[in-house]
Structure formats: structure tokens, C-alpha cells
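# Observations on chain architecture
Listed below, chain by chain, are the residues.
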Amino acid sequence: MASHNTDANCIFCKIIKGDIPSFKLIETENVYSFLDIGPIAKGHALAIPKYHGAKLHDVPDEHLGEILATLKKIAIAQGVENYNILQNNGKIAHQVVDHVHFHMIPKPSDSDKEGLVIGWPAQQADMAELKQLHEEIKGKL
Ligand code: 5GP
Ligand code: ZN
């Protein structure tokens, strides 16, 4: 069993431990999932690694592997056709709770008041810049 890092002051670590109640959905060796207490759509759920890390890169790979399958099961169980999987890292990227968490947010087709609202300020890429950036990133991977 992979060892789990915990933070005694973290609200999600307390939920995993059972010190704070939650509406648990699926629990596996490395993942805990539950309904979001401040849903932006009916069925809004969270899946978290049991290993405490603030941001995605703080959590070792072996603690992340089951998360997508967990979210997929929760989406299938609810029969949602349209939904977003969201994971925020850092305050300015809208992260409020500093324990990695993935949202499954249904997007009902019959409501424009529920679900994720996304700003997507796309711009046409400069191909020369994109090529240079590609080389830079590839060189570090
Ligand atoms: P973030 O903005 O950090 O990506 O999202 C944090 C999410 O955690 C929010 O959707 C918020 O409603 C949820 N949340 C915060 N505290 C609790 C809690 O004590 N219980 C549950 N179930 N969800 C929580
Ligand atoms: Zn934590």
C-alpha cells in the first residue's frame, strides 16, 4: 500500500479520516470521492488523492492513477451526458482548498444557471513562436 502524506490542518485530509462528515461516493486504496458541499450543478462531485499535496505536481503519480476512473464511474452513475472535469492549481487559478481535487461538474442541457462557466480567451498562435516553444518544452520533458 502506498503511504499517504497527510496535513492535520487540511479540511480534505479531515474528510478522508472521517473527522469531518462527507457524502462519500467511492473510496479506493488511494482515492476518496464525495459530493461537493457548494455545488455549482446538481451532482457536482470531487475526487481527491488520499495523499495530501497542494498542487498536482506535489502528488506522486501512484496516488493519482485511480482518479479519472473514479470520476468516470460517478459520471456514468448519474447518467450525465455533458460535464466538465476540472482541477485548479493555485489561488489565481481559482483553487480554494489546498489539497489536490478534481471536480466532476454536470452541465445540464436544460439549465443555463447550472454548471461551469468558462472564459476561454483563445488567440491565433504565431507558428514560429509555437515551434520555438514546442522545442523548449520538449527539451525539458
Ligand atoms: P476549488 O475552487 O479549490 O477547486 O474547489 C474547492 C471545492 O471544495 C469547492 O467546490 C467547495 O464547495 C468544496 N468544499 C470546500 N469545503 C468543503 C467541505 O467541507 N465539504 C465538501 N463536501 N466540499 C467542500
Ligand atoms: Zn489534505
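In short, a report on the structure. (Residues numbered from 1 in each chain as written. Chains lettered and ligands numbered in written order. Predicted model: local features only at pLDDT ≥ 70, side-chain atom pairs only at ≥ 80, totals over all residues. Heavy atoms only, no water.)

A complete count under the given rule lists five salt bridges for this structure. With its nearest N and O atoms 2.9 Å apart, the salt bridge here joins K50 to E27. Remark: E27 occurs in strand β1 (residues 24-27) and K50 occurs in the loop between β3 (45-49) and α2 (67-78); sequence separation between them is 23 residues. For K50, a relative accessible area of 11% translates into the label buried. (Salt bridge = Lys/Arg side-chain N within 4 Å of Asp/Glu carboxyl O. Helix = DSSP H or I, 4+ residues; strand = E, 2+ residues; numbered from the N terminus. Buried < 20%, exposed > 50% of the residue type's maximum accessible area, 1.4 Å probe, protein only.)

In the first shell of the zinc ion (ligand 2), the protein supplies C10 (SG), C13 (SG), H52 (ND1) and H99 (ND1), at 2.0 to 2.3 Å from the metal. Every donor counted, the four donor atoms about the zinc ion (ligand 2) form angles of 107 to 116° at the centre, which fits tetrahedral coordination. Donor residues binding the zinc ion (ligand 2) come from one chain and are separated in sequence as C-x2-C-x38-H-x46-H. In this pair, C10 sits in the segment before α1 (11-17) while H99 sits in the loop between β4 (83-86) and β5 (102-106), placing the two residues 89 residues apart along the sequence. You can call H99 buried: its relative accessible area is 0%. (Donors = N, O, S within 2.8 Å, 3.2 Å for Na, K, Ca; no water. Tetrahedral: all angles 85-135°; square planar, octahedral: opposite > 155°, others 65-115°.)

If you look at the biggest cluster of nonpolar residues, it comprises 14 residues, and the most contacted ones within it are A47, V59, L64, I67, L71, F102 and M104. Looking at this core, the elements with two or more residues in it are β3, α2 and β5. Residue contributions to this core peak at four residues, all from α2. What M104 contacts, discounting residues up to four positions off in sequence, is G43, H44, A45, L71, I74, A75, Q78, V80, Y83, N84 and I85. The next biggest cluster of nonpolar side chains, apart from the first, holds nine residues, and it includes F12, I15, Y32 and L46. (Core = buried A, V, L, I, M, F, W, Y, C linked by side-chain atoms within 4.5 Å. Contact = heavy atoms within 4.5 Å.)

The next point concerns the layout of surface pockets. Approximately 450 Å³ is the volume found for the largest pocket. Lining the largest pocket are 20 residues; nearest its centre among them are F12, F34, D36, I37 and L46. In terms of residue class, the lining of the largest pocket is built from twelve nonpolar, seven polar and one charged. Considering only enclosed or pocket space, the second largest pocket measures out at about 190 Å³ in volume. Looking at the second largest pocket, the residues that line it are D36, G38, I40, H44, L86, N88, A93, H94, H103, I105, L116 and V117. For the lining of the second largest pocket, the residue count by class is six nonpolar, five polar and one charged. (1 Å grid on protein atoms, 1.4 Å probe; cavity = no way out; pocket = protein on both sides within 12 Å on 5 of 7 lines; lining within 4 Å. Points joined across faces, edges and corners; volume = space filled by probe spheres on them. Nonpolar A, V, L, I, M, F, W, Y, C, P; charged D, E, K, R; others polar.)

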